[in-house]
Amino acid sequence: MGNSFGNLFRIHTYGESHGKALGVIIDGCPAGLLIDEAFIQSELDRRKPGQSKITTQRKEADEFEIVSGVFEGKSTGTPISIMIRNQDQKSKDYSHIADKFRPSHADYTFQTKYGIRDYRGGGRSSARETVARVAAGAVAKLFLKHHSISFYAYVSQVGHLKLDKDYTQLDLTKIEDNILRCPDPEMADKMIELIDQTRKNRDTIGGIVTGVIQGVPAGLGEPVFDKLHAEIGKAMLSINAVKGFEYGSGFEGVKLNGSEHNDEFYMDNNLVKTRTNYSGGIQGGISNGQDIYFNVAFKPVATIMTDQESINEAGDRVTVEGKGRHDPCVVSRAVPIVEAMAALVIADYLLISETNRI
Ligand SMILES: C=C(O[C@@H]1CC(C(=O)O)=C[C@@H](OP(=O)(O)O)[C@H]1O)C(=O)O
């Protein structure tokens, strides 16, 4: 359990941070899809470690190998397996925590659940697992391009520094213009400086990634337990370090009255539209054709470069040294991960929606 995601467009990921390789098996991708390998690599490059001064300095090319499911450049309808080999593990950085529990990491809970754990780089609990999700998400995006569905994500907050514009007021073509992936250049500079200063202080900081999905037709989503926003929420909350999810008006919406919050319908030629979009493109758990937008909150990375008090497996009081190569803030590399998880949900729900009616 727990290593698979999705129903009809279904992924199964495998691998550990310091093992031989990580990867994904995608089951249910429709046949005949042109598998653009350059696009998959460009998506992996957006997530890979070592890409800037505000990320971990572990150097991984994250080049991939398609092992199955593709013939003459197209999907065959059989499971697509994509593998990414690890190259730059430094497992000795982790020998000091072999029997210690790092504060706010997954060490204690993995040890308690399984009675054994690969402590090297956090093993399976490492955010390196998300390389497999981004590879699968790239395939989902290729499929969804045929349906004119597009995905954007960007950094909207770092620590207390928050954009005061929403996605409709920002130029989303500017997201990749800076190492942080924040479309407001002035704010990006301030946020990068804050992350860099935090890194120099041997500490870490959190932030928010905003996601936007455009072009989703009305009618995607299941009515009761598998509401579209519930599935997007699960997808986002399954990403390492995520502590919060909200969509549409979210938590701020409680400040409005119904008279302000209701999204009035109108006809724009033959298209049904709403004058506002507090619903975030989903009503009754089903997409209504308007933009879907949401926020994902990432905690400060648990590994800090200072000593911390903790306990070992025997329950003795110990000091955990802060060392190794880690991200001072994950949000810049989380942007493609958020897009990938959103694409996986929409690909899955699009296929499900085709089974809803005769
Ligand atoms: C390698 C990646 O990020 C890693 C995520 C991570 C963790 O504990 O989550 C710990 C570090 O790995 P290591 O100490 O093994 O070098 C990060 O560099 C990646 O995302 O590809």
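One numbering rule holds for all chains: residues counted from 1, following each sequence as written. It should be noted that, the model being predicted, local features are given only for residues of pLDDT at least 70 and side-chain atom pairs only at 80 or more, the latter also being counted only at that level, while totals for whole chains, interfaces and linings use all residues. Calculated side-chain values reflect all of the structure's heavy atoms, with hydrogen atoms and water omitted.

### So, the overall build of the protein
The condition that has to hold: Only DSSP runs of H or I reaching four residues or more are called helices, and only runs of E reaching two or more are called strands; each is numbered from the N terminus. In this treatment the radius of gyration is a C-alpha quantity, and the globule benchmark scales as 2.2 Å times the residue count to the 0.38 power. Each residue is placed in one exposure class: buried if its accessible area under a 1.4 Å probe, protein chains only, is under 20% of its type's maximum, exposed if it is over 50%, and partly exposed if it falls in between. Contacts are residue-level and defined by heavy atoms, with any inter-residue pair within 4.5 Å sufficient. Only the protein chains shown count as cover for residues, and all accessible areas are computed by the Shrake-Rupley method using a 1.4 Å probe. Only four residue types enter the charge count, namely Lys and Arg as positive and Asp and Glu as negative; His and the chain termini do not. A charge is said to be at NZ when it belongs to Lys, at CZ for Arg, at CG for Asp and at CD for Glu.
Scanning the protein from N- to C-terminus turns up 7 helices and 18 strands. A globule of 358 residues ought to have a C-alpha radius of gyration of about 21 Å, and the protein, at 21 Å, matches this closely. Projected onto its principal axes, the C-alpha positions of the protein cover 65 × 50 × 35 Å. Residues classed as buried in the protein amount to 50% of the 358 residues present. Considering only intrachain contacts with a sequence separation of at least 6, the fraction spanning at least 24 residues in the protein is 70%. In the form shown here, the protein has an accessible surface area of approximately 17200 Å², with 51% of it arising from carbon and sulfur atoms. A gap of 4 Å separates the mean positions of the 42 positive and 47 negative side-chain charges of the protein.

### With respect to the packing of helix H5 (residues 228-237) against helix H7 (residues 331-353)
Relative orientation and spacing of two packed helices are given, respectively, by the angle between their axes and the distance between those axes. Our working rule: As a rule, the C-alpha atoms of each element are fitted with a line to give its axis, helices using only the stretch in contact, and angles between N-to-C directions run from 0 to 180 degrees. Throughout, a crossing is termed right-handed when the near helix is turned clockwise from the far one, and left-handed when it is turned anticlockwise from it by less than a right angle.
Look at H5 against H7: their axes get within 9 Å of each other, and the N-to-C directions meet at 145 degrees. When you trace H5 past H7, the crossing you get is right-handed. Taken together, the residues of H7 that come into contact with H5 (itself represented by Leu228, Glu231, Ile232, Ala235 and Met236) are Val338, Met341, Ala342, Val345, Ile346 and Tyr349.

### A word on the pattern of salt bridges
Note the following rule: Each salt bridge in this description consists of a side-chain nitrogen of Lys or Arg and a carboxyl oxygen of Asp or Glu lying within 4 Å of one another.
A complete count under the given rule lists 27 salt bridges for this structure. Across the pair Asp45 and Lys48 runs a salt bridge, and its minimum N-O distance is 3.7 Å. Among the salt bridges present, the one from Lys255 reaches Glu252, with a minimum N-O distance of 2.8 Å. You can call Glu252 partly exposed: its relative accessible area is 49%. Residues joined by salt bridges that share partners form a network here, namely Glu43, Arg46, Lys141, Glu176, Arg181 and Glu339.

### Comments concerning the packing of aromatic side chains
Definition in use: Only Phe, Tyr and Trp rings take part, Trp by its six-membered ring, and two of them pair if their centres are within 6.5 Å. Stacked means planes under 30 degrees apart, edge-to-face means over 60, and tilted covers everything else.
According to the stated counting rule, one finds 5 aromatic pairs in the structure shown. With 6.3 Å between their ring centres and 15 degrees between their planes, Phe9 and Phe143 make a pair best called stacked. Highlighted residues: Phe9 in the loop between strand S1 (4-5) and strand S2 (10-15) and Phe143 in helix H3 (residues 130-145), separated in sequence by 134 residues. Like Phe9, the residue Phe143 is buried in the burial classification.

### Topic: the site of the ligand
Short version of the rule: Any residue with at least one heavy atom within 4 Å of a molecule or strand is counted as near it. We call two N or O atoms a polar contact when they sit within 3.5 Å, provided that within protein one can donate a hydrogen and the other can accept it, with sequence-adjacent residues counted only if both atoms are side-chain atoms. Three residue categories are used. Nonpolar comprises Ala, Val, Leu, Ile, Met, Phe, Trp, Tyr, Cys and Pro, charged comprises Asp, Glu, Lys and Arg, and polar comprises the others, including Gly.
Looking at the ligand, there are 14 residues lining it, with His18, Arg47, Arg58, Tyr94 and Arg128 nearest. The contact in question runs from an oxygen atom of the ligand to an N or O atom on the side chain of Tyr94, over 2.2 Å. The separation between an oxygen atom of the ligand and a polar side-chain atom of Ser126 is 3.4 Å. Tallied by class, residues from the shell around the ligand come to 3 nonpolar, 6 polar and 5 charged.

### A closer look at the sheet that holds S2
The criterion, for reference: Strand pairing is defined by DSSP finding a minimum of two bridges between the two strands.
On the basis of which strands lie adjacent, the open sheet formed by 5 strands has the order S1-S2-S3-S7-S4 and antiparallel pairing. Sheet topology places S1 and strand S4 (64-68) at the edges, where each strand pairs with a single neighbour. Examined bridge by bridge, S1 and S2 share 2 bridges and lie antiparallel to one another. Note that in S2 the partner of Ser4 across the bridge is His12. Strand contacts of H3: S2, strand S3 (21-27) and strand S7 (80-85), with the helix running at about 35 degrees to S3, the strand carrying the most contacts.

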